[in-house]
Amino acid sequence: MADTNSKQPKSSSRREFLKNSGIALGGLVVGGVLGGSLFGSKKAEVEKVVEKSVNYNQALMFFNQEQFQLTEAACERIFPQDEHGPGAKELGVAFYIDHQLASPWGINAKDYMTGPFYPGEPTQGMQTSLKRAEIFTLGLQGLADYSKKKYNKRFTDLTEAEQDETLKVFEAGKEYQLAGTSTTGFFSLLRSMTIEGVYADPMYGGNKDMQGWKMRNYPGNQMSFAKDIEKDEFMKIEPKSLHDHMGH
Amino acid sequence: MSKKLPKVPVVIVGMGWAGGIIASELTKAGVKVVGLERGKGRSTSDYYMAHDELRYALRYEMMQDLSKETVTFRNNEKMRALPMRTYGSFLLGDGLGGAGSHWNGQYGRFLPYDFEIRSKTIERYGEKKIPKGMTIQDWGITYDELEPYFDKYEKMAGISGEAEQNPMVGKRSNPFPTPPMKVTPGMKMFMDAAKKLNYHPYIIPSANLSEMYKNPDGIERAACQYCAFCERFGCEYGAKADPVVTVIPVAEKTGNLDLRTHSNVTKILHDGKKATGVVYVNTITGEEIEQPADLVVMTSYVLNNVRLLLTSKLGKPYDPASGKGVIGKNYAYQVNSGKAVGFFDDKEFNTFMGAGALGAEISDFNGDNFDHSNLNFLHGAGIRFTQTGARPIATNPVPKGTPSWGKDFKQQSLKYANSTLTLASQGASLPWQHHYLDLDPTYKDAYGTPLLRITFDWEDQDRELNKYLAERAGEIMKEMNPTKMEVSKEMKSYNITPYQSTHNTGGVIMGADPSTSAVNSYLQMWDAENVFVVGASAFAHNGGYNPTATVGALSYRAAEGILKYIKQGGSLV
Ligand SMILES: Cc1cc2nc3c(=O)[nH]c(=O)nc-3n(C[C@H](O)[C@H](O)[C@H](O)COP(=O)(O)OP(=O)(O)OC[C@H]3O[C@@H](n4cnc5c(N)ncnc54)[C@H](O)[C@@H]3O)c2cc1C
Ligand code: SF4
């Protein structure tokens, strides 16, 4: 079955691919891969820039220092470092979360945020007037307050087991209440943003050096799997990020 | 005051699949057409950074901006409807190509049974089989009548599928224009298991091209690269059939299409008998513009087709108490929560590779392909294994009992990241008198127009169907020999939060009788002969397949009707 389809492009390089494709209607270009910008000779320059070891992405757009440390500690419990590889902290997830909360998504820019607001039934989904950035801030304050009250310590000074217990309380949403929002709403943001930060393209600030992807043999952004899609054996492919796509 | 433009022969509202097909057919026939699209223009060069799971799949880069417009939802009339504030259950298209730019491309013609569901059900089981309140009705067209239009869509899009006729689906007049997609190990395991159980598996027909293809309009497109960033993403290769790389360039090349993006239609103008044009807002300048036209084609997706008719007071609004009236009637969705998940401890699959429409399916339990005499539901579902590309943020299957975070979650989710296969059912959704669409009394869009209100819930029909199909999927999964498997068949209330499918249907349904349907078999409005309302809004119920094959066929049929109407006028039936 392997290569009976001679009409498939043979090479997965973009240039080769283009030679084989002819994506046009009587001269009218409909395929973006033909765009001139894709042939820029910038590749070498881009590579020079990343050789520098300073990561300018690692600074804060939204959190203060305490919020950042709290987030770093909490997301490490969601996705901890272990024998399989790094945890959320090392992967830069707290930077990812910071950047997301500062983004249009953090202020629900593309959500319907017009009133009147009513609590609604669970089947009706999110109905709060609070923005994600606000919910997260309130949740972090809640983590700080709860740790102080229950353990008389800062969340970041709790043992891992105590941190886990605290997060379980927030996940369940019964024992401890927040004014204006719920601990469960905060927790589900924390959980989903942690997973995003582990696996989103490294350009967003997490998934440092694609280590999130490497842990699960995920190859990231590849141009084509046409040659391999039928294969029985599992393919371990060196991952590529969107950065690798620049200059193509 | 709105600016009034000179009158044009035809104005099309919405430039997705339906609008694109109609624009191309009319302009090729020499008709001058204005195409109004509320969103921006698009081309494949926009997809330079397309392989970005966060931006496209989780932040909905290509979808309608809900801050401007959404729907409201309640399960029943006793509840207060509230806005869908953030995305969940379905994702609405916006911009040139509509949802046709970020669909999967899974292609399945509805069954002959679907088009005559009421007659055929009564014929086989008697009228009592149809429960009280279930408003299934025939579509006013048969499969055989629609067959040539399916064929037309397939040739335009280059649908890839098996040469052999599958015994469970409607007869084809021609083979698919391109061979089927490639077969992955997971697909093979599913098909082998299904064959062992004497079912009739086939490779899902696909609008992701299996090989380079030149269509009858002279459009040439490249083959699919199985890149795994397909549904919710645009295809940088132009391999996925999308209006922007198929029908719209054909219409533009004729010189007869006046395409206006950033043009949000707010009203259909009419004199009580016929439409006289539309009003739209230029969303860049804020200017309100009146576009008079001899003929209005509504292709603004199911939800806005209904909403614009209601806000423009065109056609008789549906009344759920009496079951009379038609606009908003028979809203339906898709029953697809039946699943069998297999965990394979000692196998790894390349499931991170894939294509939007890559997979295999059986139709043995779809439509009326099996005996319902002793079952307490009608219709059925396709059972399928699809390999659309398991991306890491959204795909973290873990066996039941695993916590959703922490050490165990990390360990299990890494372990099973490439060792899980899922069979899912995609089932029919049948209409009820109390499921409908109307205008929300409270919430408005950015232009001050009321939002559409959805009143919808799952019924026992859906729960029984789902359970039965999930059990069948479980039997097939068992044959595939997983280490562990889990079958999910429970269905509570319809919830608008989790993504299910963008297969909303009904509201402007077709039929043979003006008192029970809104449009005839050419999708021409009974109440306004120069208005054609095209899309899955015409479905009298939703079948057990993805909708676009049938939307495409109906669009070609409507285009033919429009050309006829331009020549002869009057009602076409
Ligand atoms: C993620 C996803 C995956 C899908 N996968 C499949 C699949 O595999 N198989 C399948 O069969 N179907 C699939 N679908 C469904 C498919 O996309 C739709 O059936 C199809 O696009 C419907 O065509 P349409 O022309 O009716 O609507 P659309 O393609 O959505 O086009 C409607 C257009 O109208 C415009 N519009 C709306 N309101 C206005 C207004 N007031 N003024 C001006 N313009 C307006 C919109 O912006 C849009 O461009 C999928 C959908 C999604 C979202
Ligand atoms: S999977 Fe195929 S059709 Fe889909 S986006 Fe990738 S190349 Fe295009």
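Reading the values: rules and limits
Residues numbered from 1 in each chain as written. Chains lettered and ligands numbered in written order. Predicted model: local features only at pLDDT ≥ 70, side-chain atom pairs only at ≥ 80, totals over all residues. Heavy atoms only, no water. Helix = DSSP H or I, 4+ residues; strand = E, 2+ residues; numbered from the N terminus. Buried < 20%, exposed > 50% of the residue type's maximum accessible area, 1.4 Å probe, protein only. Contact = heavy atoms within 4.5 Å. Areas by Shrake-Rupley, 256 points an atom, 1.4 Å probe, with all protein chains shown as cover. Domains from an automatic or database assignment. Buried area = accessible area lost by both parts, 1.4 Å probe. Salt bridge = Lys/Arg side-chain N within 4 Å of Asp/Glu carboxyl O. Pairing = 2+ DSSP bridges. Near = heavy atom within 4 Å. 1 Å grid on protein atoms, 1.4 Å probe; cavity = no way out; pocket = protein on both sides within 12 Å on 5 of 7 lines; lining within 4 Å. Sits in = over half its atoms within 2 Å of the grid points. Nonpolar A, V, L, I, M, F, W, Y, C, P; charged D, E, K, R; others polar. Axes fitted to C-alpha atoms, helices over the stretch in contact; angles between N-to-C directions. Parallel < 35°, antiparallel > 145°, perpendicular 65-115°, else oblique. Points joined across faces, edges and corners; volume = space filled by probe spheres on them. Polar contact = N/O pair within 3.5 Å; in protein donor to acceptor, adjacent residues only side chain to side chain.

## With respect to the overall build of chain A
Okay, step 1: In terms of regular secondary structure, chain A is built from eight helices and two strands.
Okay, step 2: Secondary structure elements of chain A, listed N to C terminal, follow the sequence α-β-β-α-α-α-α-α-α-α.
Okay, step 3: A burial count over chain A gives 48% of its 248 residues as buried.
Okay, step 4: A fraction of 59% describes how many contacts in chain A between residues 6 or more apart in sequence connect residues 24 or more apart.
Okay, step 5: Total accessible area on chain A stands at roughly 12300 Å², and carbon and sulfur atoms take up 53% of it.

## Brief notes about the domain arrangement of chain A
By convention, interface size is frequently given as the accessible area that disappears when the constituent parts associate.
Residue and element names in this part refer to chain A.
Okay, step 1: When cut into domains, chain A gives domain 1 (5–53 + 217–246) and domain 2 (65–212).
Okay, step 2: Taken together, the two surfaces of domain 1 and domain 2 that pack against each other cover about 330 Å², and 73% of this comes from carbon and sulfur.
Okay, step 3: Considering only the surface of domain 1 that becomes buried against domain 2, Pro239, Ser241 and Leu242 emerge as the three largest contributors, covering 86% of it.
Okay, step 4: For the interface between domain 1 and domain 2, the tally reads zero salt bridges.

## As for the sheet that holds strand β17 (residues 420–427) of chain B
All names here are of chain B.
Okay, step 1: Spatially, the six strands line up as an open sheet ordered β6-β15-β16-β17-β14-β20, and their pairing is antiparallel. Two strands close off the open sheet at either side, each with one partner strand: β6 (202–203) and β20 (484–488).
Okay, step 2: With five bridges connecting them, strand β14 (residues 339–343) and β20 associate as antiparallel partners. Opposite Lys339, over in β20, you have Ser488 as the bridge partner.

## Things to note about the site of ligand 2
All names here are of chain B.
Okay, step 1: Lining the immediate surroundings of ligand 2 are Asn208, Cys224, Gln225, Tyr226, Cys227, Phe229, Cys230, Cys235, Tyr237, Lys240, Gly354 and Ala355.
Okay, step 2: When atom positions are compared with the pocket grids, ligand 2 is found to occupy the second largest cavity.
Okay, step 3: Class assignment of the residues belonging to the shell around ligand 2 gives a composition of eight nonpolar, three polar and one charged.

## Focus: the pattern of salt bridges
Residues and elements named next belong to chain B.
Okay, step 1: Considering all chains together, one arrives at 44 salt bridges over all chains under this definition.
Okay, step 2: For Glu529, the salt bridge goes to Lys274, with nearest N and O atoms at 3.8 Å. Pair noted here: Glu529 is in strand β23 (residues 528–533) and Lys274 is in the loop between β10 (263–270) and β11 (275–282), with a separation of 255 residues, a long-range link.
Okay, step 3: In this structure, Asp345 and Lys415 form a salt bridge, with 3.9 Å as the shortest nitrogen-oxygen distance. Within this pair, whereas Asp345 is found in the loop between β14 and β15 (359–362), its partner Lys415 is found in helix α9 (residues 407–416), the two being separated by 70 residues in sequence.
Okay, step 4: What makes Lys415 partly exposed here is its relative accessible area of 41%.
Okay, step 5: By sharing partners, the salt bridges in this structure join Arg38, Glu69, Asp94, Arg307 and Asp445 into a single network.

## Observations concerning the packing of helix α5 (residues 132–151) of chain A against helix α7 (residues 183–199) of chain A
Residue and element names in this part refer to chain A.
Okay, step 1: Between α5 and α7, the least distance of the axes is 9 Å, while the angle of their chain directions is 105°. In terms of their interaxial angle, α5 and α7 are classed as roughly perpendicular. Of the residues in α7, those in contact with Arg132, Ile135, Phe136, Gly139, Leu140 and Leu143 of α5 are Gly185, Phe186, Leu189, Leu190 and Met193.
Okay, step 2: In terms of residue class, the contact of α5 with α7 is built from eight nonpolar, two polar and one charged.

## Topic: the environment of B:Asn350
Residues and elements named next belong to chain B.
Okay, step 1: With respect to the secondary-structure elements, Asn350 resides in the loop between β14 and β15.
Okay, step 2: A relative accessible area of 5% places Asn350 in the buried class.
Okay, step 3: Spatially, the C-alpha atoms of Asn350 and Ile22 are 40 Å apart, while their sequence positions differ by 328 residues.

## Observations concerning empty space enclosed by the protein
Residues and elements named next belong to chain B.
Okay, step 1: A full pass over the atoms with the stated rule returns six cavities of 30 Å³ or more.
Okay, step 2: Of the volumes computed, that of the largest cavity is approximately 230 Å³.
Okay, step 3: Forming the boundary of the largest cavity are 20 residues, of which Val169, Arg172, Phe176, Tyr202 and Pro205 lie nearest the centre.
Okay, step 4: Listed by contribution, the elements that provide at least two residues to the lining of the largest cavity are α5 (143–157) and β6.
Okay, step 5: Looking at the lining of the largest cavity, its residues break down into 10 nonpolar, four polar and six charged.
Okay, step 6: By volume, the second largest cavity is sized at about 120 Å³.
Okay, step 7: Lining the second largest cavity are 18 residues, with Cys227, Phe229, Cys230, Cys235 and Tyr237 sitting closest to its centre.
Okay, step 8: Class assignment for the residues of the lining of the second largest cavity results in 11 nonpolar, five polar and two charged.

## Some points on the site of ligand 1
Residue and element names in this part refer to chain B.
Okay, step 1: Taken together, 37 residues surround ligand 1, and among them Ala18, Glu37, Gln106, Asn304 and Thr548 come closest.
Okay, step 2: Gly98 is positioned such that a nitrogen or oxygen atom in its backbone is 3.5 Å from an oxygen atom of ligand 1.
Okay, step 3: In the environment of ligand 1, an oxygen atom lies 3.2 Å from a nitrogen or oxygen atom belonging to the backbone of Gly105.
Okay, step 4: Protein chains bury 99% of the 990 Å² of accessible surface belonging to ligand 1 in isolation.
Okay, step 5: Elements represented by at least two residues in the shell around ligand 1 include exactly α1 (17–28), β10 and α8 (301–311).
Okay, step 6: Partitioned by chemical class, the residues of the shell around ligand 1 number 13 nonpolar, 20 polar and four charged.

## A closer look at the sheet that holds strand β5 (residues 82–83) of chain B
Residue and element names in this part refer to chain B.
Okay, step 1: Strand order in the open sheet formed by four strands is β5-β4-β19-β18, and the pairing between neighbours is mixed. Pairing within the sheet leaves two strands with one partner each, and these edge strands are β5 and β18 (436–444).
Okay, step 2: In terms of strand pairing, β18 meets strand β19 (residues 450–455) through five bridges, oriented antiparallel. Within β19, the residue paired with Leu439 across the bridge is Leu452.

## As for unusual backbone geometry
Okay, step 1: A cis amide bond links A:Gly115 to the next residue, A:Pro116, at an omega of 0°.
Okay, step 2: Position of A:Pro116 relative to the elements: it lies in the loop between α4 (93–101) and α5.
Okay, step 3: The phi dihedral of B:Tyr60 is positive, around 55°, even though this residue is not glycine.
Okay, step 4: Relative to the elements of secondary structure, B:Tyr60 occurs in the loop between α2 (53–58) and β4 (71–74).
Okay, step 5: Residue classification places B:Tyr60 among the buried residues on the basis of a relative accessible area of 19%.
Okay, step 6: Notably, B:Tyr301 is not glycine yet its phi reads approximately 70°, a positive angle.
Okay, step 7: Note that B:Tyr301 resides in helix α8.

## Describing the interface of chain A and chain B
Okay, step 1: If you look at the interface, chain A gives 91 residues, while chain B gives 86 residues.
Okay, step 2: Summed over both sides, the interface between chain A and chain B buries roughly 7400 Å², with carbon and sulfur atoms accounting for 57% of that surface.
Okay, step 3: In terms of surface lost to chain B, no three residues of chain A exceed A:Tyr112, A:Arg216 and A:Ile229, which account for 12% of the buried area on that side.
Okay, step 4: In this assembly, chain A and chain B are joined by four salt bridges.
Okay, step 5: Across the chain A-chain B interface, the total number found is 43 residue pairs in polar contact (both at pLDDT 80 or more).
Okay, step 6: Breaking the side of chain A that touches chain B down by element, the ones donating at least two residues are α1 (14–21), β1 (24–25), α3 (65–78), α4, α6 (160–172), α7 and α8 (211–215) of chain A.
Okay, step 7: With five residues, α7(A) is the single largest residue contributor to the side of chain A that touches chain B.
Okay, step 8: A per-class count over the side of chain A that touches chain B returns 44 nonpolar, 27 polar and 20 charged.

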